[in-house]
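Below are the chains, spelled out letter by letter.
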Amino acid sequence: MNDLSRRRFLQGVLAATTVPLWARLTPAWSADSPGRPDAHLLVIFLAGGNDGLNTVVPIGDPAYPRMRPKTGLRADEVLPIGGGLALHGSLTGLRSRWGAGELAVIQGVGPTVADLSHFSATETWETASPTREFRTGWLGRYLDASADRSRGPVRAVGIGPVMPRMLSGGGDPAITVRSLSDLQYVDHGRVDGDARHEAFELLAASGRAEGPMIEQVRAAQRRAIEVVAPISAANAGNTNEPGAAKTVAQLFGAGLGTEIGFVTISGFDTHAVQRGAHGYRLAELDSMIANFFAEARRLAVDDRSAVLVLSEFGRRVPENGSDGTDHGHGGTALVVGPPVRGGVYGNPPDLGALVDGNVPVTMDVRSLYASVLEQHLAADAEPILGGSFSTLPLFS
Amino acid sequence: MVATPRGDIAHLFNRAAFGARSGDLHTYSEAGFEAALEDLLSGVPNGAVVGTSAPVAVAMPMSTMEEGAKQLRDVQKSWVKVMVKTQAPLAERMVLFLADHFSTVWAPGDHIGSEALAAQQSLLRRQALGNFRSICQGLLSDVALGCFLDNDVNLLGAPNENLARELLELFLLGHGWYTETDVRELARAFTGYELRRQSNGSWKLVWDVRRHDDGPKTILGRTGRFTPLEALDVVLDHPQASRHLASCLVAHFVRPDPPSDLVEDVGANLRATGWELIPALRMVFMSQQFRADPASRQALVKSPAEWVVGAMRALKRTEFGSAAGWVQDLGQSLFRPPNVGGWTPNEGWLSAGALIARYNVASRLAAMHVNRPSKGLPAGFDVAAWMDAFGITDLTPATRAGLDHYLTRMAGRHVNTQTSGVITLLLASPEFSVA
């Protein structure tokens, strides 16, 4: 249905009602004012608790091989970055980024109060709210706070089956898809295809995000229907499924106003036989980042794009009896990309001063977030984080 | 006798079954709510998930992945078929609940075949309307869960905390009801299991006292040389344990913010009966909070399995392989929940991609129906008749407006076209997605 016939159909159908539904059905965005944000952020969450110590390895610390006799990495399995540190051998792409001064390593970061539950720790990373004064995600609150800058129908995208909590806020929700082709009707060619899609649109027209569950469903349907056309257009050039990282880069370059992307890699809960599994997962991370930047570069948005790599916690330093590691506390975050000022930030883990076998947290997650919000996304971090936090000079 | 309102029957079947089907609303509106509930509670599961003991781990990594993916597809199809065909829908709803509660993430290509998943299902199905303590006891030596949470490598002298932590946090007590010391001590009590290959090729998780840490442990304030089963009892005897299960049941079957008075009552019931599930479920569904509180009506979003199975049962379809794929398309991987916490219910199912997928599956099912209809379903496109078939008792004005628009535009078209359109729109409506 073209714009004119769509307008006519909606006006015809809705003329009888007193509520100006038409106004609400008109997206604020139109193809005449494509959204080209100044900055893009891809968050990659390593679910399960990434072993920070085997990601950025204190290879020069004699305590390391002593405490990690089986899971520890040998000198020939790592990529040195100087200062007694080395990247896991799977991270060849990130090693190049380090060489280019585009990789920031943040050590000892996490929720300041130790909580070894996946879910509770993850929630703190998502909401940036250790005492749960916020239930929304910190990036969702950023999207709300900058809604007046909104230029485009898809400001944030989550890749996966479930909307990431980090992107949840009060405004128009982020779009969550497993792949862009999810947002296409299968029955376009039918004789009644248009009539069905109009009816489906009407059926969802009055949804509101608050109130009874049936209205929440309707609101979510309406939001989905709204982006079918722009997402289909963004996906039109793909002959194969492009994969999560490339999909996010394509949306960043699609002129839909997409600023934020969120992707999860699972499998970091390495309680047993960690060595092979962890290397495999980190290789996945490395190629995800490389794929993202390759596509972003093709679409000329790489110079404004940064990747933030997070995980709910690091792992116990002394390994367990099953060649793995149990849940720990302080972890390692990474920030990657052309706008990033490379280097090592935060206190390096002191293996002689562990707390219950864990690396203590010496940097509040909110300091990391405040740096990203203020320096990369040009936002006022204080209202979003509910307080003022010291920042790191992560972006140039 | 005054007939039970059809809306009450639809509500019960949405929660304690996979939705009311053609005739259910009429039959049980006459027979009454209690008769309907007793029929559901007395259902005996009639089917089993079939797996294979074929060892997946072979030399070639690629064929391992492919074989694993095939095993996963097969076992998912098998489960969907059991749910669609079941004559004990409440028991099957409980299997789904328990599989989510004791979330076990199978990795295709892992060294255990899908036979282990079938074995876990058989345990859950046997006890779905049975005894919760028996389920927990069985799960301690369950191959799928034991391997997923590393209890097969929880060694004397060097314990692995994975199972102990998740059992306290997720399965039995809840976050905040235990200390890190409890986790470490319970992990010691759970040592001694070993995965052994049987002569028929399948795996068994065997407890060997010689591999067990038999020293004294202090768990939740009690000290003893606890074996795994004794340690399990220590946790189950904690008053929070029955409250935790009650809270999960009420959140799942009544509403996401479980009314605390009902949670207390159901918890007390579980304690009094020694963890019997039928009396607890009867209490849940007979409660005023379930039956009479408007806040409990349409308060949940159907999970993809509930939605697909409900639509398949309503339309009497047998395309189980397609259905298993649709459950996946709607965002739920059976046997592969996202993590040990299980699936994210309600709002978790409302991603943009998943909602367009609901529409698309509705459209495919409608096309299948008009091409090859099953017997005993409405002929033609009468909206009221199809609402009855789908267990929908009322339409909101917006949904009504959508249907009216469609039927007005398509007036005079072939009956199959309109039938297909009406089925698509009703299944895609928010009315059919909520429970």
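Residues numbered from 1 in each chain as written. Chains lettered and ligands numbered in written order. Predicted model: local features only at pLDDT ≥ 70, side-chain atom pairs only at ≥ 80, totals over all residues. Heavy atoms only, no water.

**Topic: the overall build of chain A**
Formally: Secondary structure counts use DSSP, requiring at least four H or I residues in a row for a helix and at least two E residues in a row for a strand, with both numbered from the N terminus. A radius of gyration in this sense is built from C-alpha atoms; the matching globule rule multiplies 2.2 Å by the number of residues raised to 0.38. Partly exposed describes any residue whose relative accessible area lies between the buried limit of under 20% and the exposed limit of over 50%, with all areas from a 1.4 Å probe on protein chains only and scaled to the type maximum. For the purpose of charge, His is not counted, nor are the chain termini; Lys and Arg are scored as positive and Asp and Glu as negative. Every charge is mapped to an atom, namely NZ of Lys, CZ of Arg, CG of Asp or CD of Glu.
A tally of regular secondary structure across chain A gives 13 helices and 12 strands. By the compact-globule yardstick of 21 Å for 396 residues, chain A fits well, its C-alpha radius of gyration being 23 Å. Expressed as lengths along the three principal axes of its C-alpha atoms, the size of chain A is roughly 80 × 45 × 40 Å. Put simply, chain A has 396 residues, and 57% of those count as buried. Distance from the positive charge centre (35 side chains) to the negative charge centre (42 side chains) of chain A: 3 Å.

**Here we look at the overall build of chain B**
Keep this limit in mind: Whether two residues are in contact is decided by their heavy atoms, any of which lying within 4.5 Å being enough. Under the convention used here, a 1.4 Å probe and the Shrake-Rupley method define accessible areas, while residue burial counts only the protein chains that appear.
Helix and strand counts for chain B come out as 22 helices and 4 strands. In terms of overall size, chain B behaves like a compact globule, its C-alpha atoms giving a radius of gyration of 23 Å where 435 residues would be expected to give roughly 22 Å. Over its C-alpha atoms, taken along the principal directions, chain B stretches across nearly 80 × 55 × 35 Å. Counting only residues that meet the buried cut, chain B has 59% of its 435 residues in that class. When contacts within chain B are restricted to residue pairs at least 6 apart in sequence, long-range pairs at least 24 apart make up 72% of them. A total accessible area of about 15,800 Å² is found for chain B, and carbon and sulfur atoms account for 53% of it.

**Here's the deal with the packing of aromatic side chains**
Rules: When two rings of Phe, Tyr or Trp (its six-membered ring) have centres within 6.5 Å they constitute a pair, described as stacked for plane angles under 30 degrees, edge-to-face for angles over 60, and tilted for the intermediate range. Whether a charge sits over a ring depends on NZ of Lys or CZ of Arg being within 6 Å of the ring centre and within 35 degrees of the ring normal.
Evaluated as defined, the whole model comprises 18 aromatic pairs over all chains. Pairing Tyr 185 of chain A with Phe 200 of chain A gives two aromatic rings, centres 6.4 Å apart and planes at 75°, and the pair type is edge-to-face. Taken together, the positions of Tyr 185 of chain A in the loop between strand S7 (175-177) and helix H7 (193-203) and Phe 200 of chain A in helix H7 put the pair 15 residues apart, joining distant regions of the chain. There is no split in this pair, since Tyr 185 of chain A and Phe 200 of chain A are both buried. Seen from their ring centres, Phe 200 of chain A and Tyr 359 of chain B are 4.7 Å apart, and the 35° between their planes marks the pair as tilted. Of this pair, Phe 200 of chain A sits in helix H7 while Tyr 359 of chain B sits in helix H18 (residues 352-371), each in a different chain. Pairwise contacts between aromatic rings join Phe 97, Phe 253, Phe 285 and Phe 290 of chain B into one cluster. Its end group placed over the ring of Phe 134 of chain A, Arg 141 of chain A keeps NZ or CZ at 3.7 Å from the ring centre. Taking the ring centre of Phe 18 of chain B as reference, the NZ or CZ of Arg 93 of chain B above it sits at 6.0 Å.

**Section: the sheet that holds strand S4 (residues 85-88) of chain A**
All names here are of chain A. The test is simple: In this scheme, strands are said to pair when DSSP sees at least two bridges between them.
Read across the sheet, 3 strands follow the order S2-S4-S3 without closing on themselves; strand pairing throughout is antiparallel. Both outer strands of the open sheet, strand S2 (56-57) and strand S3 (78-82), are each paired with one neighbouring strand and no more. Here S2 pairs with S4 via 2 bridges, running antiparallel. Across the sheet, the residue bridging to Val 57 is Ala 86, located in S4.

**A word on the interface of chain A and chain B**
Here is the rule we go by: Put simply, buried area is the surface a 1.4 Å probe can reach on two separate parts but cannot reach once they are joined, added for both. Salt bridge, as used here, is a side-chain nitrogen of Lys or Arg placed within 4 Å of a carboxyl oxygen of Asp or Glu. As used in this structure description, the phrase polar contact means that two N or O atoms lie within 3.5 Å; if the pair is within protein, one of them must be able to donate a hydrogen and the other to accept it, and residues adjacent in sequence are counted only when both atoms belong to side chains. Under this grouping Gly is polar, as are all residues other than the nonpolar Ala, Val, Leu, Ile, Met, Phe, Trp, Tyr, Cys and Pro and the charged Asp, Glu, Lys and Arg.
With 53 residues of chain A in contact, the opposing surface of chain B contributes 61 residues. If you sort the residues of chain A by the area they bury against chain B, Phe 119, Met 213 and Ile 214 of chain A come out on top, with a joint share of 13%. Run the count over chain A and chain B and you get 3 salt bridges. Run the count over chain A and chain B and you get 30 residue pairs in polar contact (both at pLDDT 80 or more). Those elements that place two or more of their residues in the side of chain A that touches chain B are helix H1 (3-14), helix H5 (118-127), S7, H7 and helix H8 (213-226) of chain A. Considered class by class, the residues forming the side of chain A that touches chain B number 25 nonpolar, 14 polar and 14 charged.

**Considering the pattern of salt bridges**
Considering all chains together, one arrives at 46 salt bridges over all chains under this definition. The partner of Arg 218 of chain A in a salt bridge is Glu 215 of chain A, and the shortest N-O contact between them spans 3.2 Å. Residue Arg 218 of chain A and its partner Glu 215 of chain A are located together in helix H8, separated by 3 residues, close to a single helical turn. The pair formed by Arg 218 of chain A and Glu 215 of chain A is uniform in burial state, with each residue classed as buried. Between Glu 161 of chain B and Arg 184 of chain B there is a salt bridge, and its shortest N-O distance comes to 3.9 Å. Here Glu 161 of chain B is found in the loop between helix H8 (143-148) and helix H9 (162-172), whereas its partner Arg 184 of chain B is found in helix H10 (residues 180-189), with 23 residues between them in sequence. What makes Glu 161 of chain B buried here is its relative accessible area of 5%.

**Some remarks on the side chain of Asp 326 of chain A**
Positionally, Asp 326 of chain A belongs in the loop between strand S9 (305-311) and strand S10 (331-336). Summary of buried charges: Asp 326 of chain A has no salt-bridge partner, and the nearest side chain of opposite charge, Arg 316 of chain A, is 4.7 Å away. At 3.3 Å, the side chain of Asp 326 of chain A and the side chain of Asn 320 of chain A are in polar contact. Of the polar contacts made by the side chain of Asp 326 of chain A, one reaches the backbone nitrogen of Glu 161 of chain B; its length is 3.4 Å. Ignoring any residue separated from it by four or fewer positions in sequence, one finds Asp 326 of chain A in contact with His 271, Arg 315, Arg 316 and Asn 320 of chain A together with Pro 159, Asn 160, Glu 161 and Asn 162 of chain B.

**Re the state of the cysteines**
Residue and element names in this part refer to chain B. Which entries qualify depends on this criterion: Cysteine sulfur pairs qualify as disulfides if the two atoms are within 2.5 Å.
Inspection of the entire model under this criterion finds 0 disulfides over all chains. In this structure Cys 136 is a free cysteine whose sulfur lies 12 Å from that of Cys 248, the closest cysteine sulfur available. Residue class for Cys 136 comes out buried when judged on its relative accessible area of 5%. Classification of Cys 248 as partly exposed rests on a relative accessible area of 22%.

**Thoughts on helix H6 (residues 115-126) of chain B**
What counts here: Helix span, as expected, comes to 1.5 Å for every residue beyond the first.
Compared with the 16 Å implied by 1.5 Å per residue over 12 residues, the 16 Å span of H6 of chain B between its first and last C-alpha is a close match. Among all positions of H6 of chain B, only Ala 116, Leu 117, Ala 118, Gln 120, Gln 121, Leu 123, Leu 124 and Arg 125 of chain B are buried.

**Observations regarding the pairing of strand S8 (residues 260-265) of chain A**
All names here are of chain A. Within S8, 5 of the 6 residues are buried, leaving the element largely enclosed by the surrounding structure. The pairing of strand S1 (residues 40-46) with S8 spans 6 bridges and is classified as parallel. Counterpart to Leu 41 in the pairing with S8 is Ile 260. In this structure, strand S6 (residues 156-159) lies alongside S8, joined through 4 bridges in parallel fashion. Of the residues in S8, the one forming a bridge with Ile 159 is Val 263.

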